[in-house]
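# Architecture and fold: a report
What follows is the residue order along each chain.
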Amino acid sequence: MKKIWLLFLSFIYLNALEYDLETLKKQDNSLAKDYYIYRLLEKKTLNKKEIQGLKSHIFRYAGKIRSKLEKIFPVKIYINPKYAHCYTYTKNTILDANLSCQSIRLKSLAFISSLDTKYRDILAKKFDSIRPDLTNLLLAFNSNEPMKYMEEKEDTNGFFKLYKYLKINHNDFELNTNFVNKLSIHSGFNDFVQTIVIRQHYPKFRYSLLQVDPQNTKEYTAFYLGVNALTYDQEHIAYEFFKQAAQTFKSRSSKDNAIFWMWMIKKDKKDLQNLAQSNSLNIYSLYAKELTNSAFPKIETIQIHKEKNNFNMQDPFAWQKLNKTILEANATQLDELAKKFDTEETLPIYAYILERKSKFKKHYFITPYYQYIKDYDIPRQALILAIARQESRFIPTAISVSYALGMMQFMPFLANHIGEKELKIPNFDQDFMFKPEIAYYFGNRHLDYLEKKLKSPLFIAYAYNGGIGFTNKVLAREDMFKNGKYEPFLSMELIPYQESRIYGKKVLANYIVYRYLLNDSIKISDIFENLIQNKANDSSKS
């Protein structure tokens, strides 16, 4: 109770940072500047003239800030004045246009689909010798199965155009071997594979992918073709794809993922040893070390030498400016920067600089501001630290592209809900999330909520990133995290949201390391075992 009372007492002395437009304009463009401009837009304190001149002050014209601005000033589609007259031709008058205008109007698949069948036939004949690709598109829409038509014509560009346009409104059919291998060398193949494999759409298309020559593929394309083959119990085919992925991945952690699957399929001890010796710290290398009784990976220790640094850890603009400097620094400059931030208060920045200097080959698992979580049980401490490390590298004033805030990267709506509605804190402001003690406290409270509904640190990580609704939908599926030969590992590759899929694995690896550092080691094999839902529901907190 005393701890909670002291925390609430600290709110009395907190004030939210207030920035007016003129003050913001003087700041360098950064995510922090975007965030505070967005806050002004939300408060509706700016007039249209002020808003009109904002674009040059925006660092990342995307996402929320772009949507907000384009609601106020809708974007007009640019039309080259030279061809503006072409757009006066409609689906009923297109035959009156010249070839140039017809070609421009037929760039739109929506326009092609709106045409009368007879018009498409006439236009197809006109373009047959000069634009066979356009002829194929026109005649595909005249067929009962447009994508099948593209297969017959061996038109890979047309196939992918129709796939994107028709989305789920097209027929599923088996692709022939020759055509599916032509597709495999197309630039659109990687997105196509990942989408239909992860979402488990189009079983006939997916079955056809078993015919792809692994040598035509690389990296994630090869990897997800391997995952696809496993869903059809085609282990030999899957192995060849994973082998190709392992040989072509540039990232060591991704390579380890592929090697893990090679080991899962053939149980070759060489693959397991290869994984155990990896210098990448990930769930697969940790698992291999456990299975081979290898030493836990080396975790770097940091010695603090100075007491003070005049850097303001509560200023988001100061961090954005410093981060830009760090990202652009060479090894010598990083050495000089490290000397400046060798203090307890600036430990997160110090560790971040050292990580970059080592090109992320050394593993730093720091526990900054530990005094605020030391009274929690060890598994909760480990989970908070695991999430904070992944979310922000413990930078108190971190701001994401979606304007998630602070060490625990709380979305403003969630921070405000907890602060105003649940805790009823007077004058609460979302920027209070930049204070480490408040970030940890809110993080712990949110984890209390998630842990009531989910039993595994991995599932909690999915929910922390993608939301409880998203995670519940995944776990409700009959094909996810149930008993099976490759479970729970196959389900972990099929998490529908890519960011959550990657995030969950990284947080889980962090969690294992922090349990080890806090002298409360847990076997990663036990966590994997408890991911099978009929076991997870009965298990105690890991």
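Fair warning: this is a prediction, and the values are worked out from it, not measured in the lab. (Residues numbered from 1 in each chain as written. Predicted model: local features only at pLDDT ≥ 70, side-chain atom pairs only at ≥ 80, totals over all residues. Heavy atoms only, no water.)

## With respect to the overall build of the protein
The condition that has to hold: Helix and strand assignments come from DSSP, with helices taken as H or I runs of at least 4 residues and strands as E runs of at least 2, each series counted from the N terminus. Burial status follows relative accessibility: with a 1.4 Å probe on protein chains alone, a residue under 20% of its type maximum counts as buried, one over 50% as exposed, and anything between as partly exposed. Any two residues whose heavy atoms approach within 4.5 Å are treated as being in contact. The method behind every accessible area is Shrake-Rupley, applied with a 1.4 Å probe, and residues are considered shielded solely by the protein chains displayed. The convention is simple: Lys and Arg are positive, Asp and Glu are negative, and His and the chain ends are not counted. By convention, charge coordinates are those of NZ in Lys, CZ in Arg, CG in Asp, or CD in Glu.
Within the protein, the secondary structure is distributed over 31 helices and 0 strands. Considered along the principal axes of its C-alpha atoms, the protein spans approximately 80 × 65 × 50 Å. Out of the 542 residues in the protein, the part that is buried amounts to 52%. Within the protein, contacts between residues at least 6 apart in sequence are counted, and of these 61% link residues at least 24 apart. Accessible area of the protein: about 27,300 Å², with a carbon and sulfur share of 50%. Considering the protein, the positive charge centre built from 79 side chains and the negative charge centre built from 59 side chains are found 3 Å apart.

## Looking at the side chain of Thr-135
Rule in force here: Any pair of nitrogen or oxygen atoms within 3.5 Å is treated as a polar contact; in protein, a donor-acceptor pairing is required on top of that, and neighbouring residues in sequence qualify only through side-chain atoms on both sides.
Following the sequence through the fold, Thr-135 ends up in helix H9 (residues 132–142). Here Phe-127 takes part through its backbone oxygen, which lies 3.4 Å from a polar atom of the side chain of Thr-135. Setting aside residues up to four positions removed in sequence, Thr-135 forms contacts with Ala-124, Phe-127 and Asp-128.

## Section: the packing of aromatic side chains
Condition: Here the aromatic set is Phe, Tyr and Trp, taking the six-membered ring for Trp, and pairing holds for ring centres within 6.5 Å; pairs whose planes are under 30 degrees apart are stacked, those over 60 apart are edge-to-face, and all others are tilted. Each ring is checked for a lysine NZ or an arginine CZ that lies within 6 Å of its centre and within 35 degrees of its normal; such an atom marks a charge sitting over the ring.
Tallied over the full model, the rule gives 45 aromatic pairs. For the ring pair Tyr-19 and Phe-317, a centre distance of 5.2 Å and an interplane angle of 80° mean the geometry is edge-to-face. With Tyr-19 in the loop between helix H1 (2–12) and helix H2 (21–25) and Phe-317 in helix H20 (residues 316–328), this residue pair connects regions lying 298 residues apart in the sequence. The two residues Tyr-19 and Phe-317 agree in class, both being buried. The ring of Phe-111 has Arg-105 sitting right over it, with the charged end atom 4.1 Å from the ring centre. The ring of Tyr-239 carries the charged tip of Lys-266 above its face, separated from the ring centre by 4.0 Å.

## Remarks on helix H18 (residues 269–276)
What counts, and what does not: What the arc describes is the spread of directions from the helix axis to the C-beta atoms.
Along H18, the residues classified as buried are Asp-271, Leu-272, Leu-275 and Ala-276. Projected down its long axis, H18 shows its buried positions confined to an angular sector of 140°, all on one face. Those residues of H18 that are exposed and aimed more than 90 degrees away from the buried face are Lys-269 and Lys-270. Among the structural elements, helix H16 (235–248), helix H17 (252–266) and helix H19 (283–291) are those in contact with the buried residues of H18.

## What to know about helix H15 (residues 219–231)
The α-helix winds at 3.6 residues per turn, so residues separated by three or four positions along the chain end up facing the same way. Note the threshold: The span you would expect from a helix comes to 1.5 Å times its residue count less one.
In a regular helix each residue adds 1.5 Å, so 13 residues correspond to 18 Å; H15 covers 19 Å between its end C-alpha atoms and thus fits that length. Most of H15 is tucked away, with 10 of its 13 residues classed as buried. Those residues of H15 not exposed but buried are Thr-221, Ala-222, Phe-223, Tyr-224, Leu-225, Gly-226, Val-227, Asn-228, Ala-229 and Leu-230. Buried positions along H15 lie against helix H13 (189–198), helix H14 (203–208), H16, H17, helix H28 (489–493) and helix H29 (498–517).

## What about the layout of surface pockets?
Put simply, the test is: Here a cavity means grid points, on a 1 Å grid over the protein atoms only, where a 1.4 Å probe fits yet cannot get out; a pocket means an open set of points with protein on both sides within 12 Å along at least five of seven lines; lining residues are those with an atom within 4 Å of a point. Grid points are joined across faces, edges and corners, and a volume is the space filled by probe spheres set on the points. Charged residues are taken to be Asp, Glu, Lys and Arg, nonpolar residues to be Ala, Val, Leu, Ile, Met, Phe, Trp, Tyr, Cys and Pro, and polar residues to be all remaining types, Gly included.
Here the largest pocket defines a volume of roughly 1,400 Å³. Lining the largest pocket are 46 residues, and of these Glu-391, Ile-399, Ser-400, Val-401 and Gln-409 lie nearest its centre. Contributing elements (two or more residues each) for the lining of the largest pocket: H20, helix H23 (378–392), helix H24 (412–422), helix H25 (436–453), helix H26 (457–466) and H29. Among the residues making up the lining of the largest pocket, the classes are represented as 24 nonpolar, 14 polar and 8 charged.

## A look at a nonpolar patch on the surface
Definition in use: Think of a patch as exposed residues, more than 30% relative accessible area, with no salt bridge, where like charges cluster within 9 Å and nonpolar side chains (Val, Leu, Ile, Met, Phe, Trp, Tyr) cluster within 5 Å. Only one rule defines a salt bridge in this text: a Lys or Arg side-chain nitrogen within 4 Å of an Asp or Glu carboxyl oxygen.
A contiguous nonpolar patch, built from Ile-77, Ile-79 and Tyr-87 and spanning about 320 Å² of accessible area, is present on the exposed surface. With respect to the secondary-structure elements, Ile-77 resides in the loop between helix H5 (63–72) and helix H6 (99–105). For Ile-77, a relative accessible area of 75% translates into the label exposed.

## So, the domain arrangement of the protein
So the rule is basically this: Note that the domain bounds were set by an automatic or database domain assignment. Put simply, buried area is how much 1.4 Å-probe accessible surface two parts lose in total, over both of them, once they are put together.
Its domain assignment divides the protein into domain 1 (21–72), domain 2 (301–364) and domain 3 (373–531). For domain 1 and domain 3, the distance between their C-alpha centroids amounts to 30 Å. Domain 1 puts 10 residues into the contact, and the matching count from domain 3 is 11 residues. Summed over both partners, the interface of domain 1 with domain 3 comes to about 930 Å²; 55% of that surface belongs to carbon and sulfur atoms. Among the residues of domain 1 in contact with domain 3, Leu-31, Tyr-35 and Lys-64 are the three that bury the most area, contributing 54% of the side total.

## Looking at the pattern of salt bridges
Applying the stated criterion across every chain, the model contains 23 salt bridges. One salt bridge in this structure joins Lys-357 and Asp-335, with 2.6 Å as the shortest N-O distance. Here the residue Lys-357 occupies a position in helix H22 (residues 347–357), and Asp-335 occupies one in helix H21 (residues 331–340), the gap between them amounting to 22 residues. A salt bridge links Arg-389 to Glu-355, with the nearest nitrogen and oxygen atoms 3.1 Å apart. Residue Arg-389 is located in helix H23, and its partner Glu-355 is located in helix H22; the two are separated by 34 residues in the primary sequence. Summarising the burial analysis for this pair, Arg-389 and Glu-355 share the class buried. Linked through salt bridges whose partners overlap, the residues forming this network are Arg-39, Asp-429 and Asp-431.

## Describing empty space enclosed by the protein
This structure, assessed with the given rule, holds 4 cavities of 30 Å³ or more. Of the voids in this model, the second largest cavity is the one considered here, and its volume is about 50 Å³. Considering each element in turn, the lining of the second largest cavity owes the most residues, 4 residues, to H22. Its residues assigned to classes, the lining of the second largest cavity shows 6 nonpolar, no polar and 3 charged. Composition of the lining of the second largest cavity by domain shows at least three residues from each of domain 2 (301–364) and domain 3 (373–531).

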